[in-house]
Amino acid sequence: MKQRDSQTETVKVIALSGNPNVGKSTVFNSLTGMNQHTGNWAGKTVSSASGRFSFCGTDYTLFDIPGTYSLVPQSAEEEVARNFICFGEPDAVVVVCDATCLERNMNLVLQTIELTGRVVLCVNLLDEAEKKKIRIDFPALSEKLGVPVVGTAARQNRGLDDLMQAVDGVASGKIKNKPFTVAYAEKIEQAISMLLPAAEQINRTKLPARWICLKLLEGDTALLEEIKRRFGIDFLAEESVGEQLKEAQALLRQAHLSGEALCDNIAGSLVRSAEHICKNTVSFGDKGYNDTDRYLDRLLTGRKIGFPVMIMLLLFILWLTITGANYPSQLLGDLLFSIEGMLGEVFRFFGAPEWLQNMLVHGVYRVLAWVVSVMLPPMAIFFPLFTLLEDLGYLPRVAFNLDKYFKRCHACGKQALTMCMGFGCNAAGIVGCRIIDSPRERLIAMLTNNFVPCNGRFPTMIAVIAMFFVTSDGVLGSLLSAALLTLVILLGIGMTFLVSHMLSKTLLRGKASSFTLELPPYRRPRIKQVIVRSIVDRTLFVLGRAIAVAAPAGLVIWLMANISVGDGTLLMYCSGLLDPFARLLGMDGVILLAFILALPANEIVVPVIVMSYMANGSLIEIDSLAGLRLLLTENGWTPVTAVCTVLFSLMHWPCSTTCLTIRKETCSLKWMAAAFVIPTVFGMTVCFVINTAYTILARCF
Amino acid sequence: MNIESTLNELNQGQSATVTRLLSQGGIRRRLQDIGLVVGTRVSCLQKSPLGDPVAYLVRGAVIAIRSEDSSNIIVSGVSASAAEWL
């Protein structure tokens, strides 16, 4: 977490805290004009983001801290959140709440108010609350809490000016808060007042002495250590405090309020205070306000139809992706390959040497064109569709549906969420694993994330499937492609369970830990925004990768195909070297080499294969899948080769970005190596078995 | 009326009041932080397709809990109607 440096003294620091999934990131984006990814599930923001903005001539830095239910941290993530509010010395803390679930959110508000008076309560998702006929009396709420309360609907940019006004007032000291004090049980209050004078005497921290007294009584040694580390004040070692603490503890023991009972009582008082504050300030006009959500839940997580609906949704999304990608793919292909011809003309016009022209046009440009025309359209279609489901709030339902399987694997149900994120990008999935509290279960989720094919991999699968297994055109053809791809993905999910289970029995032995999974209210996805935003994002992302990775890869391949070693080219030499082994796996040396060269980005597997075959002699115009199919079959591809290539694409080493992310997240080379080796071993085994079985069967019949 | 049972024994649509928590460690505080303290009315909304976990309505939020954890939550006053906390 960043600390303020002296140069930015005039910049005010604002912390944005709140329960998970209350729209903190949306508020953050609206205020800073940034584009943090948002989604409807708890734990989406896994690391703090910061952004700057100005309001009325003052500069602010806004920190979007991870969502937390409480300031008594249960995980490393929550500790980050707590520490920022405790020790980050923010000029104001904005606690964002869900208007549809204010009472539950109030617990965190009260805990924050205990810690710092400089709080602004932002009651977000007001639009959802209005739809559900929930009315909130803001002035009364503000009166009761003693801090400014502002209603917002950040998704529609409503109320944000008022929010800033309040933040400005609190941060500058213009608004003097008189924060509500949570009243604890009589004996606890008595114990606090016994401790308070001694604690106040030595308290040089900015933390309220009353709060420190509570922590002393609770025996929160981790926090007291942190205070000692940061401020050099050891409350426990101080004699005056120690004496009072002993007496106070004796008093509580007499009242049967020590240890667990004390913590229970404190937690209970907070919840009851929240109840008290929301009474008469929040009213529900429509008792059946959640009926639509319950209806959707019965549909999406029902006993009989939950799973079929899940699979149909997957199939439908893949089908839309395949169908939708056809046309733009063709268009982009035609365009880019016609440019290739023109580029050649340009080179000839300037009298560029033949080798340079070949290298840049047939090497760099062709791979680039391939990645853009074949990979980009499916990625730019799948991603927004997936984001729509995320926006709706479907992903936690997937976790809810699949949790029992994860439990059987002694893993965490939230792994389903990280698995879903893997569809977009495995590296993002790995970072997302921070939402899993137990370190053991988190590692399992990280090591198995690669079994879900990311956006960069399934266009390859789609192309190979379409070429070798789908003979009919039109709707039937694309449906068949989608169905086969769905099967491949289900296999990947099956492998996730298998490997998670095996890890729980071997390297990462242990029992499943406890967890709670929040199923947030469904929200109407912002269709237009999501589609525009994610198509633009994806397109830029893919184009960026194409330039950074595909172009250099094209160069490398071209060089390999044109540098002679002995009788042949370097490319032939390398692929020849790999060939015997690759044949055992049902592939050939070129395919395996392509997977190896595609370590920086999986998108380039097919282009590298095509380039290699073309460099090896074939001169075919590749302007369609049919042409490509011809090239592949001429180079010895059979349906078995296609199956093995698809399966190996599903199960092989993660891309370099993912590997580095695992290294960073685990701080360990060992686990990175494990994440590299595990899918590879499984992929090779599966391919070997399929190829061997086919060879034996072919011989018998 | 005041017969005690555990939360996981609730059927879909039933609600009950929390009387004791047997959970230990981090999950205990987590449950309390989401509002599951003694005296809270909880209703059982729906089982997941495989029967576990189960979704409960707790103070206006829908929370899924595994049977291992819900069997550590003692409740009483089971009634057939849902969402009484309103």
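Caption draft 1: Local environment of the domain arrangement of chain A. Segmenting chain A into domains produces domain 1 (6-172), domain 2 (186-256) and domain 3 (306-700). Computed from C-alpha coordinates alone, the two centres of domain 1 of chain A and domain 3 of chain A are separated by 38 Å.

Caption draft 2: Molecular detail of helix 21 (residues 527-562) of chain A. In a regular helix each residue adds 1.5 Å, so 36 residues correspond to 52 Å; helix 21 of chain A covers 49 Å between its end C-alpha atoms and thus fits that length. Ala546 of chain A marks where helix 21 of chain A bends most, by close to 40 degrees.

Caption draft 3: A nonpolar patch on the surface, seen in detail. Residues Leu559, Ile563, Val565, Tyr573 and Leu577 of chain A make up a contiguous nonpolar surface patch of about 440 Å² in total accessible area. For Leu577 of chain A, a relative accessible area of 59% corresponds to the exposed category.

Caption draft 4: A look at the pattern of salt bridges. Scanning the entire structure with this criterion turns up 33 salt bridges over all chains. As a salt-bridge pair, Asp52 of chain B and Lys407 of chain A come within 2.1 Å of each other at their nearest N and O atoms. A residue pair is termed interchain when its members come from two chains, as with Asp52 of chain B in the loop between strand 3 (41-47) and strand 4 (54-58) and Lys407 of chain A in helix 15 (residues 395-408). Judged by relative accessible area, which is 15%, Lys407 of chain A ranks as buried. What emerges from the salt-bridge pattern is a single network uniting Lys215 and Glu218 of chain A together with Arg29 and Asp33 of chain B.

Caption draft 5: Quick peek at a negative patch on the surface. A contiguous patch of negative charge on the surface is contributed by Glu238, Glu239, Glu243 and Glu247 of chain A. Within the secondary structure, Glu239 of chain A sits in helix 10 (residues 239-254).

Caption draft 6: Inspection of the interface of chain A and chain B at higher detail. Counting residues at the interface gives 50 residues for chain A, matched by 37 residues for chain B. Note on chain A versus chain B: buried area summed over both sides is about 3800 Å², and carbon and sulfur give 53% of it. Applying the counting rule to chain A against chain B returns 10 salt bridges. Between Arg30 of chain B and Asp437 of chain A there is a salt bridge; the shortest N-O distance is 3.9 Å. At the boundary of chain A and chain B, one finds 18 residue pairs in polar contact (both at pLDDT 80 or more). Those elements that place two or more of their residues in the side of chain A that touches chain B are helix 3 (102-115), helix 11 (260-278), helix 12 (291-300), helix 13 (306-349), helix 15 and strand 9 (516-518) of chain A.

Caption draft 7: Spotlight on the confidence of the model for chain A. Looking at chain A as a whole, its pLDDT mean stands at 88, while 95% of the residues score no less than 70. For the stretch residues 1-8 of chain A, pLDDT sits under 50, and the model shows 14 contacts to residues farther than four places along the chain or on other chains.

So, how was this worked out
Residues numbered from 1 in each chain as written. Chains lettered and ligands numbered in written order. Predicted model: local features only at pLDDT ≥ 70, side-chain atom pairs only at ≥ 80, totals over all residues. Heavy atoms only, no water. Domains from an automatic or database assignment. Helix = DSSP H or I, 4+ residues; strand = E, 2+ residues; numbered from the N terminus. Expected span 1.5 Å × (residues − 1). Bend = angle between axes of the 7 residues up to and from the residue. Patch = residues over 30% accessible without salt bridge, like charges linked within 9 Å, V, L, I, M, F, W, Y side chains within 5 Å. Areas by Shrake-Rupley, 256 points an atom, 1.4 Å probe, with all protein chains shown as cover. Salt bridge = Lys/Arg side-chain N within 4 Å of Asp/Glu carboxyl O. Buried < 20%, exposed > 50% of the residue type's maximum accessible area, 1.4 Å probe, protein only. Lys, Arg positive; Asp, Glu negative; His and termini not counted. Charge placed at Lys NZ, Arg CZ, Asp CG, Glu CD. Contact = heavy atoms within 4.5 Å. Buried area = accessible area lost by both parts, 1.4 Å probe. Polar contact = N/O pair within 3.5 Å; in protein donor to acceptor, adjacent residues only side chain to side chain. pLDDT = per-residue confidence, 0-100.

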